[in-house]
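# Commentary on secondary and tertiary structure
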Amino acid sequence: MKYKHIFFDLDHTLWDFETNAYLVLEQLYHAHKLESRGVPSFKEFHQVYMVYNEKLWDRFRKGYITRNDLRSKRFRLTLLDFKIGDEKLCEALGTQFLEELPTQTALFPHAKEVLEYLAAKNYPLHMITNGFEETQLRKMKSSGIDHFFTHVITSESAGSLKPYREIFDYAITKADATADSSIMIGDALDIDIIGAFNAGIDQVYFNPLVPATGDLKPTFVINSLHELKTIL
């Protein structure tokens, strides 16, 4: 086998972030009676939150804001869109979101099946994630996949974020692997795929909604995690 170590991304690759976040945000919307505060519908609340969350995550990955900025601003900016300037409410939403999100269990189709398949073939499996360490470990445990992974490399432990090469080099060293015998599986071209490419690691691009276009050509492209069985 060419590949001896397999590295996965977590959010949007194995753990269904959109579904899990949607469920928690819906709970918070109703628990805090946001409709009575001027937020017309949960659908609008969710749409506005996701826009700000993605923009702030992008700024965090580029080093423009801190982790605390990300955590506090996404709800503050969302509520301000609905002309709600309530700092205590923002803090409550932010705290409760982080408490509840890691307890959610939705995974992408075939995630556990594929992990069991790879484990049965004795592949050492590792995680490389930009998420916060405590949160990511809880997500993995809640969804029942933590036991599959030998090493979980987070941006906090590595002192670097994907797509920067340093986090991939750190992961390779941590796993006692080599770049040319490793492969990275992720959903984001500009984070997982280009980062692994620049570190000399082959890649599997998993994102059926956004086709791979442009100059970067991933080593493999899949539309379902089940397709990993034809590669590994």
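What comes next concerns the included structure. (Residues numbered from 1 in each chain as written. Predicted model: local features only at pLDDT ≥ 70, side-chain atom pairs only at ≥ 80, totals over all residues. Heavy atoms only, no water.)

## A short note on the side chain of Q136
Note the cut-off: What counts as a helix is a DSSP run of H or I of at least four residues, what counts as a strand is a run of E of at least two, and both are numbered from the N terminus. Polar contact is the term for a pair of N or O atoms within 3.5 Å; when the atoms are in protein, one must be able to donate a hydrogen and the other to accept it, and sequence-neighboring residues count only if both atoms are side-chain atoms. The contact criterion used is simple: two residues touch if any of their non-hydrogen atoms lie within 4.5 Å.
Relative to the helices and strands, Q136 is located in helix α6 (residues 133–142). At a separation of 3.3 Å, a polar atom in the side chain of Q136 contacts the side chain of D11. Apart from the residues within four sequence positions on either side, Q136 is in contact with L10, D11, T129 and G131.

## Topic: the pattern of salt bridges
Just so we agree on the cut-off: A side-chain nitrogen of Lys or Arg and a carboxyl oxygen of Asp or Glu constitute a salt bridge if their distance falls within 4 Å. Each residue gets one of three labels from its accessible area relative to the maximum for its type: buried under 20%, exposed over 50%, partly exposed in between, using a 1.4 Å probe on protein chains only.
Taken as a whole, this structure holds eleven salt bridges when the rule is applied. Taking the shortest distance from any N to any O, the salt bridge between R37 and D86 comes out at 3.1 Å. Taken together, the positions of R37 in the loop between α1 (17–31) and α2 (42–61) and D86 in the loop between α3 (67–81) and α4 (87–100) put the pair 49 residues apart, joining distant regions of the chain. Overall, the relative accessible area of 37% leaves R37 in the partly exposed class. Given a relative accessible area of 23%, D86 falls into the partly exposed group. For E113, the salt bridge identified is with K229, shortest N-O distance 2.9 Å. Separated by 116 residues along the polypeptide, E113 in helix α5 (residues 111–120) and K229 in the segment after β6 (220–222) bring together distant segments of the chain. Judged by its relative accessible area of 30%, E113 is partly exposed. Through salt bridges that share partners, D9, K162 and D192 make up one connected network.

## Looking at the packing of α2 against α3
Spelled out, the test is: All axes here are fitted lines through C-alpha atoms, helices being fitted over the stretch that makes contact, and every angle between N-to-C directions spans 0 to 180 degrees. Working definition: roughly parallel below 35 degrees, roughly antiparallel above 145 degrees, roughly perpendicular at 65 to 115 degrees, and oblique for all remaining angles. Crossing chirality is assigned from the near helix's rotation relative to the far helix, an anticlockwise turn below a right angle marking it left-handed and a clockwise turn marking it right-handed. Classification used: nonpolar for Ala, Val, Leu, Ile, Met, Phe, Trp, Tyr, Cys and Pro, charged for Asp, Glu, Lys and Arg, polar for all others including Gly.
Packing of α2 against α3 leaves a shortest axis separation of 9 Å and a crossing angle of 150°. For the element pair α2 / α3, the angle class is roughly antiparallel. Handedness of the crossing formed by α2 with α3: right-handed. Facing F45, V48, Y49, Y52, N53, L56, W57 and F60 of α2, the residues of α3 in contact are R67, L70, K73, R74, F75, L77, T78, L79 and D81. Grouping the constituent residues of the contact of α2 with α3 by class yields eleven nonpolar, two polar and four charged.

## What about the nonpolar core?
As a reminder of what qualifies: Only buried residues count toward a nonpolar core. Its members are Ala, Val, Leu, Ile, Met, Phe, Trp, Tyr and Cys residues joined through side-chain atoms within 4.5 Å.
With 49 residues, the main nonpolar core has F8, L14, F97 and F149 as its most contacted residues. In this structure, F149 is in contact with F8, L14, L115, L125, H126, M127 and M140, ignoring residues within four places of it in sequence. Counting residues in each nonpolar core, the second largest holds 14 residues, with F168, I172, A177 and M184 among its members.

## Overview of the side chain of D9
Of note, D9 is situated in the loop between β1 (5–8) and α1. A relative accessible area of 5% places D9 in the buried class. Here the side chain of D9 touches T13 through a polar contact of 2.8 Å, side chain to side chain. In this view, D9 contacts L14, M127, I128, K162, M184, I185, G186, D187 and D192; residues no more than four positions away in its chain are not counted.

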